[in-house]
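# Working through the structure, step by step
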Amino acid sequence: IFLQNVFQIIAERILIYENDYPFSNSDSQMLTLKSDLNTNNKLYLSLLICSKLNIFNEFRADLTTDFEIISSSVLKQFLPTKSKVKDFGKNTEYEGNAIQKIKQLAEDLDLTIDDYELSQVGERNNQERGLDIIGCLPFNDKCGNKIILLCQCACGKQYESKQHDTRRFENYLKFYKTKPQHTMFIPYSLINVRAKKFYHSDYIEKDYLIFERKRILEYHEGQTFENLESYKIVNKCVEYYNSWV
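Residues numbered from 1 in each chain as written. Predicted model: local features only at pLDDT ≥ 70, side-chain atom pairs only at ≥ 80, totals over all residues. Heavy atoms only, no water.

Turning next to the sheet that holds strand 11 (residues 208-211). Hydrogen bonding along the main chain pairs the strands of a sheet, whether they run parallel or antiparallel. The strand order 3-5-6-8-11 describes an open sheet built from five strands, whose pairing is mixed. Edge positions in the open sheet fall to strand 3 (84-87) and strand 11, since each of these has one partner strand only. Ignoring strand direction, the axes of neighbouring strands in this sheet form an average angle of 20 degrees. One ladder, built from five bridges, connects strand 6 (residues 147-153) with strand 8 (residues 181-185); its direction is parallel. When the sheet's bridge partners are listed, Cys-153 is paired in strand 8 with Phe-185. The strands touched by helix 3 (residues 60-78) are strand 3, strand 5 (133-137), strand 6, strand 8 and strand 11; relative to strand 5, the strand with the most contacts, the crossing angle is about 10 degrees. (Pairing = 2+ DSSP bridges. Helix = DSSP H or I, 4+ residues; strand = E, 2+ residues; numbered from the N terminus. Axes fitted to C-alpha atoms, helices over the stretch in contact; angles between N-to-C directions. Contact = heavy atoms within 4.5 Å.)

This is the structure in structure tokens:
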């Protein structure tokens, strides 16, 4: 039964990813890499590697940093052109400690701050407090009622434990008349074609928008990935594979 499920999932992925799928199982015995990998094939492999950080721990810093860059690029493609997308994690333009960064973010989003809640953040805390990317769909009327996406990028196997991270920003910032859309970017492939839902759906909390492997590939455009270290890592892995086949 286990092997039947594995081959069924492989068949589903060939169907859903089409040309973006980097593997072939033409002989129905094993998966092999395609000989002519395109950029999306390599991005798929990069996302696969990001989901296995325990194996590629030596490259963890490059992979996680690049995953945020890719996710930010994907969010820009997904949202309307007049939207504002800001990096708040490892690639942020905001400076100072966590409190100063949050104040700068509030000014950019034209939101007010809950001074007491923000005062609870330690002055020595320089981290992003679990928020990696912000997407905002503003109106020309400057009213604070607008759509805001608070995004977390999570590689590795513990992504479900990070789903509370962006929620603390509902304490720091005062969102006017509508709650922010909590969003998570993960490198896993979760689309269940048959059920039209996610695999491991019980890991995902309600009120979350998920960008998983298929959705990331669907909205990735341009040369962002080709300029990253993770692209070089994939190429090295492909070279190593080809040396053994």
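Further notes follow.
Let's shift gears to the packing of helix 2 (residues 39-50) against helix 3. At a minimum axis distance of 10 Å, the contact between helix 2 and helix 3 shows a crossing angle of 130 degrees. As the angle between them shows, helix 2 and helix 3 are arranged oblique. The interaxial crossing formed by helix 2 with helix 3 has left-handed handedness. Listed contacts from helix 3 to Leu-43, Leu-47, Ile-49 and Cys-50 of helix 2 are Leu-63, Phe-67 and Ile-70. Within the contact of helix 2 with helix 3, the residues separate by chemical class into seven nonpolar, no polar and no charged. (Parallel < 35°, antiparallel > 145°, perpendicular 65-115°, else oblique. Left-handed = near helix turned anticlockwise from the far one by under 90°. Nonpolar A, V, L, I, M, F, W, Y, C, P; charged D, E, K, R; others polar.)

Attention now moves to the nonpolar core. Core analysis: the biggest nonpolar cluster contains 37 residues, and Leu-45, Phe-67, Ile-70, Leu-75, Phe-185 and Ile-216 have the highest contact counts within it. Looking at this core, the elements with two or more residues in it are helix 1 (2-17), helix 2, helix 3, strand 5, strand 6, helix 7 (213-219) and helix 8 (229-242). In terms of residues, this core owes the most to one element, helix 2, which gives six residues. Those residues in contact with Leu-75 that lie beyond four places of it in its chain are Val-85, Ile-133, Ile-134, Gly-135, Leu-149, Cys-151 and Phe-185. Ranked by size, the runner-up nonpolar core spans 21 residues in total, among them Leu-109, Leu-111, Leu-118 and Leu-131. (Core = buried A, V, L, I, M, F, W, Y, C linked by side-chain atoms within 4.5 Å. Buried < 20%, exposed > 50% of the residue type's maximum accessible area, 1.4 Å probe, protein only.)

Here we take up the packing of helix 3 against helix 8. With their axes 8 Å apart at the nearest point, helix 3 and helix 8 run at an angle of 125 degrees to one another. When the axis of helix 3 is compared with that of helix 8, the two are oblique. Every residue of helix 8 that contacts helix 3 at Asp-62, Leu-63 and Asp-66 is listed here: Glu-229, Ser-230 and Ile-233. Partitioning the contact of helix 3 with helix 8 into residue classes produces two nonpolar, one polar and three charged.

Within strand 5, five of the five residues are buried, which leaves it mostly tucked inside the rest of the structure. Burial along strand 5 is two-sided: the residues Ile-133, Gly-135 and Leu-137 and Ile-134 and Cys-136 are all buried. In this structure, strand 3 lies alongside strand 5, joined through four bridges in antiparallel fashion. For Val-85, the partnering residue across the bridge sits in strand 5 and is Gly-135. In this structure, strand 5 lies alongside strand 6, joined through five bridges in antiparallel fashion. Looking at strand 6, one finds that Gly-135 is bridged to Leu-149.

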